[in-house]
Amino acid sequence: MARPDIAIHTSGDVLDEAGDYVRRMVANTARRIGGEVAAARVRLTTYRQTRAASPALVQANLTVDGRPVRAQAAARFFREAGAVLRKQLIAHAIRLREPTALRSWPDDSPGGARPPLLALPPGQRRIQRHKRLPLARCSPGEAALTMDLMDYECTLFVDADTGQDSLVSRVGPTGYRLTRLAGLHPPAEPAGLPWTVDVHPVPRLTPEEAAERLDATDLRYRFFQDAETGRGSVLYLRYDGHYGLLTAAGPEALR
């Protein structure tokens, strides 16, 4: 298989040799994972804040057999981050080939795959990015696969079983949680993944109210029903310590 073209983007103080190393590593990993790999984009970011324990962040976006795949890792140096990124890409390839296989969630320990968040006091956090997106209508299992392949902590989607705006997230080392705006039915698809259905009501909030509630917790995201649109929304902590907001585009969700 030919090596895919790899576009390198940098942010902050990134040496050329670091970009060259990560480019070669991603290209070699693409050959290892098999399948048709295309549209590879890699971003290298250096956080200038001295309090960042892992200032070198690498993010890779690939298309594998027509499916978007994303991996990211942070470490003290780009070579270390690249080594973790390689393991993540290989794990994603296995997940893509075996969609129902259990997969451990990356941890936050030193050397873990999940990049740490920069510590920012709640009073200084702002909603820095707001994305309105049309939600995919799919099964919870398909949403879980998307979440894993894209290294998301949660995925917002329209549950094909009920038509409800819903959220899939991780619970425990290998389990998945399904939260709908309304309804407590388990997924209708055949059991393959260990599912937990969230029984807590989803609050109807403004983004500002959601930020206030998230500020008061140690959680990294909050699923809520937008007070204006009635659609499912997610407020989440970005790696720079500020907030990002995802809201569903289109008319109000089913009730």
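For the structure, check the block above.
Given the structure is predicted, the values throughout are model-derived calculations rather than measurements.

Trainee: Where do I start with the sheet that holds strand 14 (residues 243-248) in this structure?
Mentor: Pairing between the strands of a sheet is mediated by backbone hydrogen bonds and can be parallel or antiparallel. As summarised here, the arrangement of the five strands in space is 5-14-13-12-11, forming an open sheet in which the pairing is mixed. Each edge of the open sheet is held by one strand with a lone partner, namely strand 5 (127-133) and strand 11 (204-205). Looking at chain direction, strand 13 (residues 232-237) and strand 14 are connected through five bridges and run antiparallel. Within strand 14, the position partnered with Leu 237 by the bridge is Tyr 243. The strands touched by helix 4 (residues 207-215) within the sheet are strand 5, strand 11, strand 12 (221-226), strand 13 and strand 14, with strand 12 carrying the most contacts at an inclination of about 150°.

Trainee: How do you make sense of unusual backbone geometry when you look at a structure like this?
Mentor: Leaving glycine out, the prevailing phi sign among residues is negative, and the prevailing peptide bond configuration is trans. With a phi close to 50°, Asp 65 is a non-glycine residue in the positive phi region. The topology assignment puts Asp 65 in the loop between strand 3 (56-64) and strand 4 (67-75). Taking the relative accessible area as the measure of exposure, Asp 65 reaches 53% and is therefore exposed. Although it is not a glycine, Asp 151 sits at a positive phi angle of roughly 60°. Within the secondary structure layout, Asp 151 lies in the loop between helix 3 (140-149) and strand 7 (154-159). Judged by relative accessible area, which is 10%, Asp 151 ranks as buried.

Trainee: Please explain the sheet that holds strand 8 (residues 165-171) as it appears in this structure.
Mentor: The strand order across the open sheet formed by five strands is 6-7-8-9-10, and the pairing between neighbours is mixed. Where the open sheet ends on each side, the last strands, each with one partner, are strand 6 (137-138) and strand 10 (195-197). Of the pairings in the sheet, the one linking strand 9 (residues 175-180) to strand 10 comprises three bridges and is parallel in character. The partner of Leu 178 across the bridge, within strand 10, is Val 197.

Definitions and cut-offs
Residues numbered from 1 in each chain as written. Predicted model: local features only at pLDDT ≥ 70, side-chain atom pairs only at ≥ 80, totals over all residues. Heavy atoms only, no water. Pairing = 2+ DSSP bridges. Helix = DSSP H or I, 4+ residues; strand = E, 2+ residues; numbered from the N terminus. Contact = heavy atoms within 4.5 Å. Axes fitted to C-alpha atoms, helices over the stretch in contact; angles between N-to-C directions. Buried < 20%, exposed > 50% of the residue type's maximum accessible area, 1.4 Å probe, protein only.

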